[in-house]
Protein chains: 2
Amino acid sequence: MAINKKKDQIFTAAAKLFIEHGFKATSMRQLAKEVGLEASSLYSHISSKQELLAQMCMSEATKYLANLDQVMSVEKDIINVLRSISYFHIETAFEDPVSETVFTNEWRYLEEPTLSEFKRIRKDYESRILHVIAQGVNQSILIDKDPFILFQLFQSSFKWIYMYNKPSKWNKEDVKHTLTEVLLKGIKK
Amino acid sequence: MAINKKKDQIFTAAAKLFIEHGFKATSMRQLAKEVGLEASSLYSHISSKQELLAQMCMSEATKYLANLDQVMSVEKDIINVLRSISYFHIETAFEDPVSETVFTNEWRYLEEPTLSEFKRIRKDYESRILHVIAQGVNQSILIDKDPFILFQLFQSSFKWIYMYNKPSKWNKEDVKHTLTEVLLKGIKK
DNA sequence: ATAGTTTACGAACGTTCGTACGCAAATATG
DNA sequence: CATATTTGCGTACGAACGTTCGTAAACTAT
């Protein structure tokens, strides 16, 4: 059996290189070397460089969205929703560092039709979080400021983790609780 | 006179393209078109693509550092120092959107020796801010959490501005005060 | 063992990249 | 006006890019 072991290796290596150098600056020859192949041999397992990015972006996007669905269905308290989202982002950033990278930077290099689909999912995800925050402001649970700014602050707070996540310098739980607590403290009324 | 008008145009256009597509994905032919020239003609004004990036990175780095020097020399209150830094970052992100881009992403594509020099300045800048935050924690002015996490949160809070700074959707002053207030509220004891 | 399928390779493709060079037009300097 | 300098263009370069293709070796299943 051993289903797709090489293919998984390729995706893992690609993720690592995309984080380190970015999609455009990562060549198929580098990637091949990373998994011990020649460049042309990659195409026995994947169909294109674009496929690597597309797969990563879409699986991350749907993963985030699925989590949001789940959280919002079981949790009605606005603060708890935001806390859960924060936890999920931080955990994901630790365990699957490519997620924040593609969500923040590399999605730009998607081609159609994947690009549009990704943007649609991402917009959906973001507008639902924005809506939660706007509700929080309306209900005087959150500080009375432009919800869009609060939302952007919320979103960007996770973006540093993957950049410094070299040898897991920090304790995940520590980051998770500190970051979330400080963030919520800032935006709560 | 009209010193270097074309050269400035080139830098401005390059900054715009680096923000929009990234350094690696911006070609000299695109850049040339943006300023109404042929690619080869760019080299009457600049010496290389790398020079464009190097100039941007170094001038931004020294600008941030100079501001930090100035702030820390006139202001001793830790909260006020952090507030000033926050203001400066946000104002810079609005008025000179390439700054956060190169500081966050594009500096990676610098070549030696500029890369090392940039990293040195950047490290200097960051460790001084970290030191201020650590002081704040020690003096119980800031919340009793890992200063490194607080520092990273602080730094990353500005990184969203340039990405959405398309048609100046927001009022600069609004962003400046909201973001800074929420941020400080979060990290203050 | 045989046949079929998957995996890997080397060579080569068409393109695009950053940039060098020689020359003409434009501009500045005397 | 004559001269020197700057600016721009067309062409072309070598290198690197993603990818294709024919083929051979390595596995899998019968």
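Conventions we followed
- Note that residues are indexed from 1 along each chain, following the sequence as it is written.
- Chain labels run from A onward and ligand labels from 1 onward, assigned in the order the entries are written.
- pLDDT decides what is reported in this predicted model: residues at 70 or higher carry local features, side-chain atom pairs at 80 or more are listed and counted, and totals for whole chains, interfaces and linings draw on all residues regardless.
- Heavy atoms throughout the structure, all of them, feed into the side-chain values; hydrogens and water do not.
- We count a stretch as a helix when DSSP gives it H or I for four or more residues in a row; a strand needs E for two or more, and each element gets its number in order from the N terminus.
- The buried label applies to any residue whose accessible area, calculated with a 1.4 Å probe on protein chains only, is under 20% of its type's maximum; exposed applies above 50%, and partly exposed to all values in between.
- Whether two residues are in contact is decided by their heavy atoms: any pair within 4.5 Å suffices.
- To obtain an axis, a line is fitted to C-alpha atoms, over the contacting stretch when the element is a helix, and the angle between two such axes runs from 0 to 180 degrees between their N-to-C directions.
- Here the angle decides the label: under 35 degrees means roughly parallel, over 145 means roughly antiparallel, 65 to 115 means roughly perpendicular, and every other value means oblique.
- Handedness of each helix crossing follows the sense of rotation of the near helix against the far helix: counterclockwise by less than a right angle gives left-handed, clockwise gives right-handed.
- Only Phe, Tyr and Trp rings are paired, with Trp represented by its six-membered ring, and only when their centres lie within 6.5 Å; those with planes under 30 degrees apart are stacked, over 60 edge-to-face, the remainder tilted.
- Note on terminology: near, applied to a residue and a molecule or strand, indicates that one of the residue's heavy atoms is within 4 Å of it.
- What qualifies as a polar contact is a pair of N or O atoms within 3.5 Å, subject to a donor-acceptor requirement within protein and to the restriction that residues adjacent in sequence count only when both atoms come from side chains.
- Here the nonpolar group is Ala, Val, Leu, Ile, Met, Phe, Trp, Tyr, Cys and Pro; Asp, Glu, Lys and Arg are the charged ones; every other residue, Gly included, is treated as polar.
- Salt bridges are identified by distance alone: a Lys or Arg side-chain nitrogen within 4 Å of an Asp or Glu carboxyl oxygen.
- Defined in terms of a 1.4 Å probe, buried area is the accessible area two parts forfeit on being brought together, summed over both.
- Least-squares superposition aligns the copies on the C-alpha atoms of those residues with pLDDT at or above 70 in both.

Q: Explain the overall build of chain A here, please?
A: In terms of regular secondary structure, chain A is built from 8 helices and 0 strands. Seen in sequence order, chain A has helices and strands lined up from the N terminus as α-α-α-α-α-α-α-α. Overall, chain A is about 60 × 35 × 35 Å in size when its C-alpha atoms are taken along their principal axes. When each of the 189 residues of chain A is scored for burial, the buried share is 52%. Sequence-distant contacts in chain A: of pairs separated by 6 or more residues, those separated by 24 or more amount to 69%.

Q: Any chance you could explain the packing of helix H8 (residues 172-187) of chain A against helix H7 (residues 147-156) of chain B here in plain terms?
A: The relative placement of two packed helices comes down to the angle between their axes together with the axis-to-axis distance. One can describe the packing of H8 of chain A onto H7 of chain B by two numbers: an axis separation of 10 Å at closest approach and a directional angle of 55°. Put simply, H8 of chain A runs oblique to H7 of chain B. The element H8 of chain A and its partner H7 of chain B pack so that their crossing is right-handed. For the pair H8 of chain A and H7 of chain B, the contacting residues are Asp174, Val175, Thr178, Leu179, Val182 and Leu183 of chain A in the first and Ile149, Leu150 and Leu153 of chain B in the second.

Q: How should the packing of aromatic side chains be read in this particular structure?
A: Here a ring pair, both rings aromatic, is described through the centre-centre distance and the interplanar angle of the planes. Residues and elements named next belong to chain B. Across all of its chains, the model carries 20 aromatic pairs over all chains by this definition. Aromatic side chains tyrosine 64 and phenylalanine 103 sit 4.8 Å apart centroid to centroid with 65° between the ring planes, which places their arrangement in the edge-to-face category. You can see tyrosine 64 sitting in helix H3 (residues 49-74) and its partner phenylalanine 103 sitting in helix H5 (residues 98-104), a full 39 residues away along the chain. Exposure remark for phenylalanine 103: the relative accessible area of 3% places this residue in the buried category. Seen in terms of ring centroids, tyrosine 64 and tyrosine 125 are 5.8 Å apart; in terms of plane orientation they differ by 40°. Their pairing is tilted.

Q: Could you clarify how one ought to interpret the protein's contact with DNA strand D in this entry?
A: Around DNA strand D sit 16 residues in total, of which Tyr43 and Lys49 of chain A together with Ser40, Ser41 and His45 of chain B are the nearest. Close to the protein, within 4 Å, the atoms of DNA strand D are drawn from sugar and phosphate at a rate of 52%. Glutamate 38 of chain B has a polar backbone atom sitting 2.9 Å from a phosphate oxygen of DNA strand D. Here the residues of the surface near DNA strand D sort into 3 nonpolar, 8 polar and 5 charged.

Q: Any chance you could explain the protein's contact with DNA strand C here in plain terms?
A: Taken together, the neighbourhood of DNA strand C is formed by 16 residues, with Ser40 and His45 of chain A together with Met28, Tyr43 and Lys49 of chain B sitting nearest. Across the atoms of DNA strand C situated within 4 Å of the protein, the share located in sugar and phosphate is 51%. Lysine 6 of chain A is positioned with one of its side-chain polar atoms (N or O) 3.2 Å from a phosphate oxygen of DNA strand C. Between DNA strand C and lysine 49 of chain B there is a distance of 2.8 Å, counted from a phosphate oxygen to a backbone nitrogen or oxygen.

Q: Mind showing me how you'd approach the pattern of salt bridges here?
A: Where charged atoms of side chains with opposite charge meet at close range, the side chains can pair. Inspection of the entire model under this criterion finds 20 salt bridges over all chains. Between glutamate 91 of chain B and lysine 176 of chain B there is a salt bridge, with the nearest N and O atoms lying 2.4 Å from each other. Taken together, the positions of glutamate 91 of chain B in helix H4 (residues 78-95) and lysine 176 of chain B in helix H8 (residues 172-187) put the pair 85 residues apart, joining distant regions of the chain. Between arginine 122 of chain B and glutamate 126 of chain B there is a salt bridge, and its shortest N-O distance comes to 3.6 Å. Note that arginine 122 of chain B and glutamate 126 of chain B are positioned in helix H6 (residues 114-138) at a spacing of 4 residues, about one turn of the helix. Take arginine 122 of chain B and glutamate 126 of chain B: they sit in the same class, and that class is buried. Three or more residues joined by partner-sharing salt bridges are found here, namely Glu60, Lys63 and Asp96 of chain A.

Q: Explanation requested: unusual backbone geometry in the structure shown.
A: Backbone phi values are negative for most residues with the exception of glycine, while trans is the configuration of most peptide bonds. Residues and elements named next belong to chain A. Cis peptide bonds are those with omega within 30 degrees of zero, and the linkage from glutamate 112 to proline 113 qualifies with 5°. Phi at serine 140 is positive, roughly 60°, even though this residue is not glycine. Relative to the assigned elements, serine 140 resides in the loop between helix H6 (114-138) and helix H7 (147-156). What makes serine 140 partly exposed here is its relative accessible area of 43%.

Q: Would you take a moment to explain the interface of chain B and chain A for this structure?
A: Interface size is often expressed as the accessible area that is lost when the parts come together. With 40 residues of chain B at the contact, the number on the chain A side is 40 residues. Here chain B and chain A share an interface that buries about 3300 Å² over both sides, 62% of which is from carbon and sulfur atoms. Sorting the residues of chain B by area buried against chain A places Ile149, Val182 and Lys185 of chain B first, and these three jointly supply 18% of that buried surface. Applying the counting rule to chain B against chain A returns 2 salt bridges.

Q: Explain the relation of the copies chain B and chain A to me, please; I cannot follow it from the model alone.
A: Note on the copies: chain B fits chain A at an RMSD of 0.0 Å, the axial shift is 0.0 Å, and the rotation between them is 180°. One copy is carried onto the other by what is essentially a two-fold rotation axis. Among all C-alpha atoms of chain B, that of glycine 186 of chain B lies closest to the rotation axis, at 1.9 Å. Same-surface contact between copies: 100% of interface residues of chain B are shared with the interface of chain A.

Q: Where do I start with the environment of isoleucine 149 of chain A in this structure?
A: Along the chain, isoleucine 149 of chain A falls in helix H7. Residues isoleucine 149 of chain A and lysine 119 of chain A, 30 residues apart in the sequence, show an inter-C-alpha distance of 20 Å. Once residues within four sequence positions are removed from consideration, isoleucine 149 of chain A is found in contact with Trp160, Asp174, Val175, Thr178 and Leu179 of chain B.

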